[in-house]
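# Structural features, examined
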Amino acid sequence: MIYFDHAATTPPYEDVTKTVAEVMARHYGNPSSLHRLGEESAKLLDKAREVSAAALGVQSREIVFTGGATESNNMAIKGVALQFTERGKHLITTATEHPSVFESVKQLATWGWETTILPVDEDGGVTVEQVREALRPDTVLVSVMHVNNETGTVQPVGEIGRMLKAVAPRVLFHVDGVQGFGKLPLSLADSGIDLYSLSAHKLRGPKGVGLLYVREGLRLAPLLAGGGQEGGYRSGTENIPYIVAFAKALRLAKEGRETRAAKLYGLRERLMHGLAELPELTINSPAQGAPHIVHFSYPGMKAEALLHMLEEEGFFVSTRSACSSKRSEPSRILLAMGKSKEVASSGIRISLGEEHEERDIDALLAALKQCVKRLQVLR
Ligand code: PLP
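Note that the structure is a prediction, hence the values are computed from the model and not measured.

## Re the sheet that holds strand E7 (residues 195–199)
The strand order across the open sheet formed by 7 strands is E2-E8-E7-E6-E5-E3-E4, and the pairing between neighbours is mixed. Because the sheet does not close on itself, it has two edges, and the strands there are strand E2 (63–66) and strand E4 (114–118). Neighbouring strand axes in the sheet, compared pairwise and without regard to direction, differ in orientation by 20 degrees on average. Looking at chain direction, strand E6 (residues 172–176) and E7 are connected through 3 bridges and run parallel. By the bridge assignment for E7, histidine 174 is matched with leucine 195. Sheet contacts for helix H3 (residues 69–83): E2, strand E5 (139–143), E6, E7 and strand E8 (210–214); angle to E7, the most-contacted strand, approximately 160 degrees.

## Observations regarding unusual backbone geometry
One non-glycine residue, arginine 204, lies in positive phi territory at about 70 degrees. Looking at the secondary structure, you find arginine 204 in the loop between E7 and E8. Unlike most non-glycine residues, glutamate 280 shows phi in positive territory, near 70 degrees. Relative to the elements of secondary structure, glutamate 280 occurs in the loop between helix H8 (257–276) and strand E9 (282–283).

## With respect to empty space enclosed by the protein
Think of a ball as big as a water molecule: rolled over the atoms, this probe shows where empty space is left. Tallied over the full model, the rule gives 1 cavity of 30 Å³ or more. The volume enclosed by the largest cavity comes to roughly 120 Å³. Along the wall of the largest cavity there are 15 residues; nearest its centre are Lys183, Lys202, Arg204, Arg260 and Glu354. Among the residues forming the lining of the largest cavity, the class breakdown is 6 nonpolar, 4 polar and 5 charged.

So, how was this worked out
- Each chain carries its own residue numbering, running from 1 in the direction its sequence is written.
- Per-residue local features of the predicted model are confined to residues with pLDDT of at least 70, and side-chain atom pairs are confined, for both listing and counting, to 80 or more; whole-chain, interface and lining totals are unaffected and use all residues.
- Hydrogen atoms and water are omitted, and side-chain values are computed over all heavy atoms in the structure.
- DSSP bridges decide pairing: two strands pair if at least two such bridges lie between them.
- The way it works is that DSSP assigns letters per residue, a run of H or I at least four long becomes a helix, a run of E at least two long becomes a strand, and they are numbered from the N terminus.
- Note on definitions: angles span 0 to 180 degrees between N-to-C directions of axes, and those axes are lines fitted to C-alpha atoms, for helices only across the stretch in contact.
- Contacts: residue pairs with any heavy atoms within 4.5 Å of one another.
- The method works on a 1 Å grid over the protein atoms by themselves. A cavity is a set of points holding a 1.4 Å probe that cannot get out, a pocket is an open set with protein on both sides within 12 Å along at least five of seven lines, and residues with an atom within 4 Å of a point line them.
- Grid points are joined across faces, edges and corners, and a volume is the space filled by probe spheres set on the points.
- Gly is placed with the polar residues, together with every amino acid not listed as nonpolar (Ala, Val, Leu, Ile, Met, Phe, Trp, Tyr, Cys and Pro) or charged (Asp, Glu, Lys and Arg).

In structure tokens, the structure reads:
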């Protein structure tokens, strides 16, 4: 089987699974305990925070470990909204955010916040000007994802952040960096980003662990009340095995970024080229998208049927993002890009990993051609 669903989740590094097992078995002390076992765990936690901060180019005290990016996104958006009600109650985001951002903003709208959902262009992109024009005196937060998880569209988050710092320095800027980290360069230090979410399992780390970067000096309202772990933001005993393994994955993701991106761009190019030769197929990903995601549609063809046929041929792909693939409605992301309902209902996402080779892409293209032919006969 060849796994082409890296945007849904990634196969963990061997070192990651080993680390989880080892730390879980040996360092089970609660990092808040005062005895030696507790201290050992606390040391591991400190070290993991240092390693993670170094991978992001930020300071250790700016890292809050969470239970994944859904939690980080909720923490950032609701934490800002609840903390800064006196500044204003207006939030800006885009139509193609991950549900953990989109639904958080919608939830706040039902609780009395005003929201601007920026429309995207046919490639799924927003512009700096759109964000600037949407700003109001009562805007407290702008949240824009770095890379879209369905199409691979790259948003100009660095430019948006720098614009915000220049014209509206009190407006906070949150970036969901889940699909961008380890693939695209982004310097948190000079891109005006105040809050940045990551998830370990998209970076070959374990599931159920992530982080939120909170720029020094910024305070958010904590969503979880309790023992005050993680700087008071995330009460609850820290998941040391996952956090230590996450830090390793982050370091590897950062260190190998350029080589990985170069390889993935090459593979993506080959895939895009092959797909362009297939009749009736519409490519939904922009030409200048992230290196690991290609999304296309066969209007009129049941994407799920194609997915299962490809599975029988030995390829795991996805119909769209994993969190919405079980829903039968057309993709919200593709509809926002102006695609027809037909196109938005018949999408397939191929997402690449560093272990893939050109022959894997060629094999996928060949299988795809066969499967489509069979489905066309059945239509
Ligand atoms: N943001 C984006 C862009 C994602 O792709 C995902 C994963 O599906 C998430 C957030 C949520 O991450 P997690 O699975 O860690 O909650």
